[in-house]
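What follows is each chain in one-letter form.
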Amino acid sequence: MSAWLGRPNLIDQKNLTFKFPNLRLDQSTTEPNLLSPFAHMALQANLGRRVATVLGDAQSANHLSAKQVLAVETEIEKFIEELPPIFRVKDPDTSLDQSHPYFVFQRHQLHCVIFVTMLDFLKPYLTRDRNDKLTDNDDEFRKRGINIALRLLGVARNLFDHEFPINAKFHMVVFSIFDTATLLCSAIIHNHDHALPQRQEVVDVIESSLGMLHQLSLTTKLGASSYNFLYKLVHATPELARHSPIRKRHKNTTAVVPKPPPPVPGQLPPVIMAPVDQTLEITAGVIDSLPSMTTSDDLSFDVEHFLANNPFGSFGDSANVDMGGMEQIWDWESLHLDGFSQSGSMA
């Protein structure tokens, strides 16, 4: 979590020696193959230990060599292959989901943690110009990073669908969507040569993320701040603003209501209900409750204006960025948008 948020580690993993709990106290006497309800937490701890061992003395992804990045990604892929069947990323065993429904949430959460961890080490290659190389493997890492980000937002969608609206305040629901979507926005912004892999899929998934945060904005302050920020970032980026679905959602959609049959004498006429699009119904409620936002229809509205626009503070000083409290935990500077005040508008 510290690495994900760009914060110093609270625990020095590389200098710790301890045995992971075997969780036998939680072993079922009637179902000997049933995993402990805490198995997903033990797995996350194991993932952290394995990654820390590979990292050695490196303090962040920016200080890793190409060989170290590949080693970390390989170690996480190996971890995925070793997951118990109930937590597998591909074709998990869902036979216990009905009798033990907590496994559903745990599976979605664990998958988010895994892909968040994988993506963290590839972020530097998505948030910079292609010509601003860090290693000879930059193009490979950029391609891999896009693929991991798309997979992450896929599992984040699963978590969102499972938790919304009852447990929408769970931080992973909001932040896995928000952090990944803003990262992909930065990748689009830095895509000067139009060589970003899976570009259309990236645009589509940013729209989908905006839609999820749109709904979360009703339930939590974090959701509202996240939606507000991503909405403005999308509309500050001409390449994304052209495809934004938000304005489409504001358009009125008229349903065709069938004409009622002539009433039978002595009976009350039947009540005919118009077909309701559930998505439109939810969206209409969200739109009515959204905070007021300043946007522009001009596609030349760029990142420089965005960074200078309140409530996000003054450009160049991350301490002045105001996101309703989220700026205290989110690594805003990791998007590398500051260079656009010198370089001008986006391509």
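Conventions we followed
Residues numbered from 1 in each chain as written. Predicted model: local features only at pLDDT ≥ 70, side-chain atom pairs only at ≥ 80, totals over all residues. Heavy atoms only, no water. Helix = DSSP H or I, 4+ residues; strand = E, 2+ residues; numbered from the N terminus. Buried < 20%, exposed > 50% of the residue type's maximum accessible area, 1.4 Å probe, protein only. Contact = heavy atoms within 4.5 Å. Areas by Shrake-Rupley, 256 points an atom, 1.4 Å probe, with all protein chains shown as cover. Phe/Tyr/Trp six-rings, centres within 6.5 Å; stacked < 30°, edge-to-face > 60°. Salt bridge = Lys/Arg side-chain N within 4 Å of Asp/Glu carboxyl O.

K.L.:
Quick question: what am I supposed to make of the overall build of the protein chain here?
P.N.:
The secondary structure content of the protein chain amounts to 13 helices and 0 strands. When the helices and strands of the protein chain are read in sequence order from the N terminus, they spell out α-α-α-α-α-α-α-α-α-α-α-α-α. The burial tally for the protein chain puts 44% of its 347 residues in the buried class. The contacts of the protein chain with a sequence gap of at least 6 include a subset with a gap of at least 24, amounting to 70%. Accessible area for the protein chain stands at about 18,500 Å²; split by element, carbon and sulfur atoms hold 53% of it.

K.L.:
Please explain the packing of aromatic side chains as it appears in this structure.
P.N.:
Working definition: an aromatic ring pair is given by the centre-to-centre distance plus the angle between the planes. Taken as a whole, this structure holds 8 aromatic pairs when the rule is applied. Measuring from centroid to centroid gives 4.6 Å for Tyr-102 and Phe-103, while their planes differ by 45°, and the two rings are tilted. Classification of Tyr-102 as partly exposed rests on a relative accessible area of 29%. The exposure class assigned to Phe-103 is buried, which follows from its relative accessible area of 0%. With 5.6 Å between their ring centres and 45° between their planes, Tyr-227 and Tyr-231 make a pair best called tilted. A residue pair is termed a helical-turn pair when its members lie 3 or 4 positions apart in one helix, as Tyr-227 and Tyr-231 do in helix α8 (residues 221-235) at 4 residues. For the pair shown, Tyr-227 and Tyr-231 are each scored as buried. Through a chain of ring-to-ring contacts, the aromatic side chains of Phe-87, Tyr-102 and Phe-103 assemble into a single cluster.

K.L.:
Looking at this model, I keep getting lost on the side chain of Gln-109. Mind explaining?
P.N.:
By the element assignment, Gln-109 lies in helix α3 (residues 102-120). For Gln-109, the contacting residues outside a window of four places in its chain are His-40, Gln-44, Leu-159 and Phe-170.

K.L.:
Would you explain the pattern of salt bridges in this entry?
P.N.:
Close approach of charged atoms allows side chains of opposite charge to pair. Counted under the stated rule, the structure contains 13 salt bridges. Residue Arg-50 is joined to Glu-82 by a salt bridge in which the shortest nitrogen-to-oxygen separation is 2.9 Å. Remark: Glu-82 occurs in the loop between α2 (66-81) and α3 and Arg-50 occurs in helix α1 (residues 39-55); sequence separation between them is 32 residues. Judged by relative accessible area, which is 45%, Glu-82 ranks as partly exposed. With a closest N to O distance of 3.2 Å, Asp-193 and Arg-130 form a salt bridge. Of this pair, Asp-193 sits in the loop between α6 (171-189) and α7 (199-216) while Arg-130 sits in the loop between α4 (123-126) and α5 (138-163); the two residues are 63 residues apart in sequence, bridging distant segments of the chain. Among the residues examined, Asp-193 registers a relative accessible area of 37% and is labelled partly exposed. Residue classification places Arg-130 among the partly exposed positions, given a relative accessible area of 33%. Look at the salt bridges and you will find they share partners, linking Arg-130, Lys-133, Asp-139, Arg-142 and Asp-193 into a network.

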